[in-house]
Amino acid sequence: MSVRGDNAKELFKKGYNCAQAVVIAFSDVTGFDEKTSAMIASGFGGGMGRMREVCGAVSGMFIVYNVLNGYFDPTDNEGKMQNYADIQKLAYDFKAENGSIICKELLGLSKPEGTHIPEKRTDEYYKKRPCGDIVKNATEILEEFLNNKS
């Protein structure tokens, strides 16, 4: 349904990790070019460096949200409170649609694979991974949230 969501899914299929795909899909509003977007999000793929913890697509949502609506003043308690509330809302919305925000749970793994080495991106890889659809969904959740916030 979302052009931005479809773009994020295609970025994932090109080889970007989940976080990178989401962040790059919003580069028109963050003001970051593709390289900067990819670098900022690079360590968040695979559930934080392939540890299979918080999903990279979720981390990507948080990165984009914070670039657009984050707070910077350490004494801005109201800004911090609003930021945390919005981040929690995004996480809850994602979890409601996907069942979890944890990478290994989304992938149906009982434990992390125990290696930092990413799998080769092959047709078989894309067939067994729900990540493309998850990236698309995260992008759409964030896009709707931002549109309703304005």
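Below, the structure is looked at part by part. (Residues numbered from 1 in each chain as written. Predicted model: local features only at pLDDT ≥ 70, side-chain atom pairs only at ≥ 80, totals over all residues. Heavy atoms only, no water.)

**Overview of unusual backbone geometry**
At step 1: A positive phi angle, near 75°, is found at Met48, a position not held by glycine.
At step 2: Mapped onto the secondary structure, Met48 falls in helix H5 (residues 45-48).
At step 3: Here Met48 falls in the partly exposed class, since its relative accessible area comes to 27%.
At step 4: Its identity is not glycine, yet Arg52 carries a phi of approximately 65°, on the positive side. (Helix = DSSP H or I, 4+ residues; strand = E, 2+ residues; numbered from the N terminus. Buried < 20%, exposed > 50% of the residue type's maximum accessible area, 1.4 Å probe, protein only.)

**Digging into the nonpolar core**
At step 1: Counting 37 residues, the largest nonpolar core has Ala57, Met61, Leu90, Phe94, Val135 and Leu142 as the members making the most contacts within it.
At step 2: Sorting elements by how many residues they give to this core places helix H10 (residues 131-149) first, with 8 residues.
At step 3: Every residue in contact with Ala57, bar those within four places of it in the chain, is listed here: Cys18, Ala19, Val22, Ile134, Val135 and Ala138. (Core = buried A, V, L, I, M, F, W, Y, C linked by side-chain atoms within 4.5 Å. Contact = heavy atoms within 4.5 Å.)

**Quick word on the packing of aromatic side chains**
At step 1: Applying the stated criterion to the full structure yields 4 aromatic pairs.
At step 2: Between Phe12 and Tyr126, the ring centres sit 5.9 Å apart and the planes meet at 90°, which makes this aromatic pair edge-to-face. Highlighted residues: Phe12 in helix H1 (residues 3-14) and Tyr126 in helix H9 (residues 123-128), separated in sequence by 114 residues.
At step 3: You can call Phe12 buried: its relative accessible area is 2%.
At step 4: Here Tyr126 falls in the partly exposed class, since its relative accessible area comes to 23%.
At step 5: Taking the centre distance of 6.1 Å and the plane angle of 65° together, the rings of Tyr65 and Phe145 count as edge-to-face. Residue Tyr65 is found in helix H6 (residues 56-69), and its partner Phe145 is found in helix H10; the two are separated by 80 residues along the sequence.
At step 6: Tyr65 gets classed as buried once you look at its relative accessible area, which sits at 1%. (Phe/Tyr/Trp six-rings, centres within 6.5 Å; stacked < 30°, edge-to-face > 60°.)

**Observations concerning the pattern of salt bridges**
At step 1: Taken as a whole and assessed by the stated rule, the structure comprises 10 salt bridges.
At step 2: Residue Asp133 pairs with Lys9 through a salt bridge whose shortest N-O separation is 2.5 Å. Of this pair, Asp133 sits in helix H10 while Lys9 sits in helix H1, and the two are 124 residues apart along the sequence.
At step 3: A cluster of three or more residues bridged by salt bridges with shared partners is formed by Arg50, Glu119, Lys128 and Arg129. (Salt bridge = Lys/Arg side-chain N within 4 Å of Asp/Glu carboxyl O.)

**A look at the state of the cysteines**
At step 1: Considering all chains together, one arrives at 0 disulfides under this definition.
At step 2: Among the cysteines around Cys55, which has no disulfide bond, Cys18 carries the closest sulfur, lying 5.4 Å off.
At step 3: The structure places no disulfide on Cys131, whose sulfur is separated from the nearest cysteine sulfur, that of Cys18, by 4.3 Å.
At step 4: The class for Cys131 is buried, based on a relative accessible area of 9%. (Disulfide = S-S within 2.5 Å.)

**Let's talk about helix H7 (residues 77-98)**
At step 1: The end-to-end C-alpha distance of H7, which contains 22 residues, comes to 31 Å, matching closely the 32 Å that a straight helix rising 1.5 Å per residue would cover.
At step 2: Looking only at H7, the buried set comprises Gly79, Asn83, Asp86, Ile87, Leu90, Ala91 and Phe94. Taken around the axis of H7, the buried residues stretch over an arc of 135°, which confines them to a single face. Every exposed residue of H7 that faces more than 90 degrees away from the buried side is listed here: Asn77, Glu78, Met81, Tyr92 and Ala96.
At step 3: For H7, the secondary structure elements touched by its buried residues are H6, helix H8 (103-106) and H10.
At step 4: Backbone geometry just downstream of H7 places Gly99 in the positive-phi region, at approximately 90°. (Expected span 1.5 Å × (residues − 1). Arc of directions from axis to C-beta.)

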